[in-house]
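Chain by chain, the residues run as shown.
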Amino acid sequence: MDDTQVLNYPDSDTLRHIRQTVTQINGQLPSGCRLVAVSKYHPASYVQAAYDVGQRVFGESRVQELQFKHETLPKDIEWHFIGHLQTNKVKYIAPYVSMIHAVDSERLLTEISRQGILCKRKIPCLLQIHVAQEETKYGFHVPELMAFLSTGTWRTMEGVNICGIMCMASNTDNMEQVRNEFHIAYSTYQKVKELYFPEDTTFRECSWGMSHDYAMALTQGSTLVRIGSMIFGDRV
Ligand SMILES: *Cc1c(COP(=O)(O)O)cnc(C)c1O
């Protein structure tokens, strides 16, 4: 996002579409599931339109853009960072970010904890697992995640709160495959819950489902759907 986009007079049909779609999705979601409206690459005026119909949880994937929107938009917005986060940028969002979805290494979790301690908070984090076929996607492979958790080092990280699991399915029209991938994610969530967080009521989030596959994600335990283009249109 740059200033020209922000200053562009927003098209009223687009704003109407945003308000209608957010209202419609929120009306469809089961009670245990929340919408993360993914506003990355879209102007602040689009976020405001969704906010105006009650949406409070938004997802961004670039630190600079999140900084700008956080400063500009209403302060009761819960900002979720959903993209790949570089360790050297954690410090910029640590004071206010409501959840970091895509934690995919011990090194990143360690840095988030360090920054959380500096801000005197426990930053809610999700551990990202790799279930898709594409090799380009980030995330722990499931055995890697189990090995990491078994070391117990995360228990000493006072500045984070591990709240669940996140994944992205393959980008395919093969919905059977998407179902299988979400199913693997949900089984992993259940196993991790049982082994490491049985008494912890804050470990409860399953972040999966995007515009094209969120309906399938809802059949596989999703508690956070991250929907962008369906609400805000194609990203420029
Ligand atoms: C962009 C993005 C989304 C939203 O994707 P849409 O297809 O636009 O709904 C969800 N999750 C992550 C991690 C993303 O980067």
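Everything discussed here concerns the structure shown above.
Residues numbered from 1 in each chain as written. Predicted model: local features only at pLDDT ≥ 70, side-chain atom pairs only at ≥ 80, totals over all residues. Heavy atoms only, no water.

## A few points about the packing of aromatic side chains
Here comes step 1: One pass over the full model with this rule turns up 7 aromatic pairs.
Here comes step 2: Taken together, a centroid distance of 5.7 Å and an interplanar angle of 15 degrees make the contact between phenylalanine 140 and phenylalanine 148 stacked. Residue phenylalanine 140 shares its accessibility class with phenylalanine 148, and that shared class is buried.
Here comes step 3: A centroid spacing of 5.3 Å and a plane angle of 5 degrees characterise the contact between tyrosine 189 and phenylalanine 203, whose relative ring orientation is stacked. With tyrosine 189 in helix α8 (residues 175–196) and phenylalanine 203 in the loop between α8 and β7 (205–207), this pair connects stretches of sequence that are 14 residues apart.
Here comes step 4: Tyrosine 189 gets classed as buried once you look at its relative accessible area, which sits at 10%.
Here comes step 5: With relative accessibility at 0%, the residue phenylalanine 203 sits in the buried group.
Here comes step 6: Every member of this aromatic cluster is reached through a ring pair, and the members are Trp154, Tyr186, Tyr189, Tyr196, Phe197 and Phe203. (Phe/Tyr/Trp six-rings, centres within 6.5 Å; stacked < 30°, edge-to-face > 60°. Buried < 20%, exposed > 50% of the residue type's maximum accessible area, 1.4 Å probe, protein only. Helix = DSSP H or I, 4+ residues; strand = E, 2+ residues; numbered from the N terminus.)

## Section: the environment of tyrosine 214
Here comes step 1: The topology assignment puts tyrosine 214 in helix α9 (residues 214–219).
Here comes step 2: Using a relative accessible area of 8% as the deciding quantity, one classes tyrosine 214 as buried.
Here comes step 3: Through-space distance from the C-alpha of tyrosine 214 to that of glutamate 60 is 18 Å; in sequence the pair is 154 residues apart.
Here comes step 4: Ignoring anything within four residues of it in the chain, the contact list for tyrosine 214 reads Ile25, Gln28, Gly209, Val225, Ile227 and Met230. (Contact = heavy atoms within 4.5 Å.)

## With respect to the layout of surface pockets
Here comes step 1: Of the volumes computed, that of the largest pocket is approximately 530 Å³.
Here comes step 2: Residue lining of the largest pocket: 22 residues in total, with Lys40, Ile82, Met168, Met210 and Arg226 positioned closest to the centre.
Here comes step 3: In the lining of the largest pocket, the residues fall into 8 nonpolar, 10 polar and 4 charged.
Here comes step 4: Lys122, Trp154, Arg155, Met157, Glu158, Val160, Asn161, Ile162, Tyr196, Phe197 and Asp200 together form the lining of the second largest pocket.
Here comes step 5: Here the element with the most residues in the lining of the second largest pocket is strand β6 (residues 160–166); it accounts for 3 residues.
Here comes step 6: The residue makeup of the lining of the second largest pocket, split by class, is 6 nonpolar, 1 polar and 4 charged. (1 Å grid on protein atoms, 1.4 Å probe; cavity = no way out; pocket = protein on both sides within 12 Å on 5 of 7 lines; lining within 4 Å. Points joined across faces, edges and corners; volume = space filled by probe spheres on them. Nonpolar A, V, L, I, M, F, W, Y, C, P; charged D, E, K, R; others polar.)

## Observations regarding the site of the ligand
Here comes step 1: Taken together, Val38, Lys40, Ile82, Met166, Met168, Met210, Ser211, Arg226, Ile227, Gly228, Ser229 and Arg235 form the complete shell of residues around the ligand.
Here comes step 2: Contact between the ligand and lysine 40: an oxygen atom at 2.6 Å from a side-chain N or O atom of the residue.
Here comes step 3: In the environment of the ligand, an oxygen atom lies 2.8 Å from a nitrogen or oxygen atom belonging to the backbone of glycine 228.
Here comes step 4: Protein chains shield 91% of the accessible area of the ligand, which is 380 Å² for the free molecule.
Here comes step 5: If you map the ligand onto the pockets, it falls in the largest pocket.
Here comes step 6: Each residue belonging to the shell around the ligand can be placed in one class, and the counts come to 6 nonpolar, 3 polar and 3 charged. (Near = heavy atom within 4 Å. Polar contact = N/O pair within 3.5 Å; in protein donor to acceptor, adjacent residues only side chain to side chain. Areas by Shrake-Rupley, 256 points an atom, 1.4 Å probe, with all protein chains shown as cover. Sits in = over half its atoms within 2 Å of the grid points.)

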